[in-house]
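Inside the fold
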Amino acid sequence: MVLYRTVFDNFVHIRRAGYFLDAAREFMKYGGTSMNIANFPDYIYTPDSHYEKLYSETVNVSRAVWKTGIKTVTTIGPYPLDYFYFQSAGKNPVEYMKKGIDLAAYLIINGEADAMGEVGYPHFPVDTKIYDDSGDILKYALDVCHDRNIPLILHTEDMDKNGYLRIEELIKKHYKIERVMKHHANARDISFNDSILKSVVASRNNVRSAIESRKTFLLETDYTDQKEKPGKVIPIFSVPKRAEMIKNSYIDYMEIFHKIFEEIPFRFYGKDFFNK
């Protein structure tokens, strides 16, 4: 199925332990052409080797997906819930996660990956110390990315207007706002008066709300590729299916496609992944 020359899913997890290349082929069957593959928080490695092995696996998975014909962007970095993994192992979570940021930056600068993420706060309530530590880790990531001009993808709790404005203020103190993106955004987030780029979960309602806002956004599935939870968060084919919906519903669909699948990804990631 050909929907457009580029149909880009901005955030997926593809895993060797999941459907792996079958998931990639399913995406392609429905008209998908490119995706951003982020590391999945597997805790199968020792604390001291966790990030080295996790990042290596993510890079290798991304390369394997590329060979199927899908063009890939690769995102690596410490996930906020890594905090609890290191804490339970008797390690200092802040120290280990900052080392994970340093290693991710090194690999990105050396061309192994393309963006850092998903860095930020747990998506559920935590005590003040954990939340403050997570903020410290995020500030460190922003500073590291600032020094190396690396795009940064945020993971946070669901935020209201004031939450977005608070994060925006934090970003501006440490980095350029246009180099930071909030992934797993919802329909209502588009209406908030902040300047953070949002990657919207590609449900029908979210897509319609995002388009009608006429604001800048990207589309993602946040697909987790877990056989025990198939289709979580939404199925791998959802972005191409929403592209088909856009094509059938909006006269200016070509302009919409160019923006969300080519212009904005190129501007954020800074490389022409989509026309190689």
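Right above here is the structure, for reference.
Attention here is on the structure that accompanies the text. (Residues numbered from 1 in each chain as written. Predicted model: local features only at pLDDT ≥ 70, side-chain atom pairs only at ≥ 80, totals over all residues. Heavy atoms only, no water.)

All right, on to the overall build of the chain then. Assigned secondary structure in the chain consists of nine helices and eight strands. Compactness check: the chain gives a C-alpha radius of gyration of 18 Å against a globular reference of 19 Å for 276 residues, within 12% of the reference. Put simply, the chain has 276 residues, and 57% of those count as buried. Contacts in the chain between residues at least 24 apart in sequence constitute 71% of all its contacts with a sequence separation of at least 6. For the chain, the exposed surface amounts to about 12,000 Å²; the carbon and sulfur share of it is 50%. Each charge class in the chain can be summarised by its mean position, and for the 38 positive and 38 negative side chains these summaries are 4 Å apart. (Helix = DSSP H or I, 4+ residues; strand = E, 2+ residues; numbered from the N terminus. Rg over C-alpha atoms; globule rule 2.2 N^0.38 Å. Buried < 20%, exposed > 50% of the residue type's maximum accessible area, 1.4 Å probe, protein only. Contact = heavy atoms within 4.5 Å. Areas by Shrake-Rupley, 256 points an atom, 1.4 Å probe, with all protein chains shown as cover. Lys, Arg positive; Asp, Glu negative; His and termini not counted. Charge placed at Lys NZ, Arg CZ, Asp CG, Glu CD.)

The end-to-end C-alpha distance of helix H8 (residues 238-249), which contains 12 residues, comes to 16 Å, matching closely the 16 Å that a straight helix rising 1.5 Å per residue would cover. Of the residues making up H8, those classed as buried are Ser-238, Val-239, Pro-240, Arg-242, Ala-243, Met-245 and Ile-246. Close packing links the buried residues of H8 with strand S1 (8-12), helix H1 (21-29), helix H7 (204-213), strand S8 (217-220) and helix H9 (253-269). (Expected span 1.5 Å × (residues − 1).)

This part covers the environment of Asp-102. Take Asp-102: it is sitting in helix H4 (residues 93-109). A residue is classified by how much of its surface remains accessible, and Asp-102, at 35% relative accessible area, is partly exposed. Not counting chain neighbours up to four residues away, the residues in contact with Asp-102 comprise Tyr-140 and Val-144. At a separation of 2.7 Å, a polar atom in the side chain of Asp-102 contacts the side chain of Tyr-140. (Polar contact = N/O pair within 3.5 Å; in protein donor to acceptor, adjacent residues only side chain to side chain.)

This part is about the side chain of Thr-75. Checked against the element boundaries, Thr-75 lands in strand S3 (residues 71-76). Classification of Thr-75 as buried rests on a relative accessible area of 0%. Of the polar contacts made by the side chain of Thr-75, one reaches the side chain of Asn-36; its length is 2.8 Å.

Once that is clear, we can look at the packing of H7 against H8. Describing two packed helices takes the angle between their axes plus the distance from one axis to the other. Where H7 meets H8, the axes come as close as 11 Å, and the angle between the chain directions of the two elements is 50 degrees. Viewed along their axes, H7 and H8 adopt a mutual orientation that is oblique. Judged by the sense of rotation from one axis to the other, the crossing of H7 with H8 is right-handed. Note on element contacts: H8 touches H7 through Arg-242, Met-245 and Ile-246, opposite Arg-204, Val-207, Arg-208 and Ile-211. (Axes fitted to C-alpha atoms, helices over the stretch in contact; angles between N-to-C directions. Parallel < 35°, antiparallel > 145°, perpendicular 65-115°, else oblique. Left-handed = near helix turned anticlockwise from the far one by under 90°.)

For Thr-156, the location among the structural elements is in the loop between strand S5 (152-155) and helix H6 (161-174). When residues no more than four places from it in sequence are discounted, the contact partners of Thr-156 are Tyr-121, Pro-122, His-123 and Lys-182.

Attention shifts here to the nonpolar core. In this structure, Met-116, Leu-152 and Phe-261 are the most contacted members of the largest nonpolar core, which totals 75 residues. Ranked by the residues each element gives to this core, the list is headed by H4, at eight residues. Sequence-distant contacts of Leu-152, defined by excluding residues within four places in its chain, comprise Met-116, Val-119, Leu-138, Ala-141, Leu-142, Cys-145, Arg-179, Val-180, Met-181 and Phe-268. If you look at the next biggest cluster of nonpolar residues, it comprises 15 residues, including Val-12, Phe-27, Ile-37 and Ala-64. (Core = buried A, V, L, I, M, F, W, Y, C linked by side-chain atoms within 4.5 Å.)

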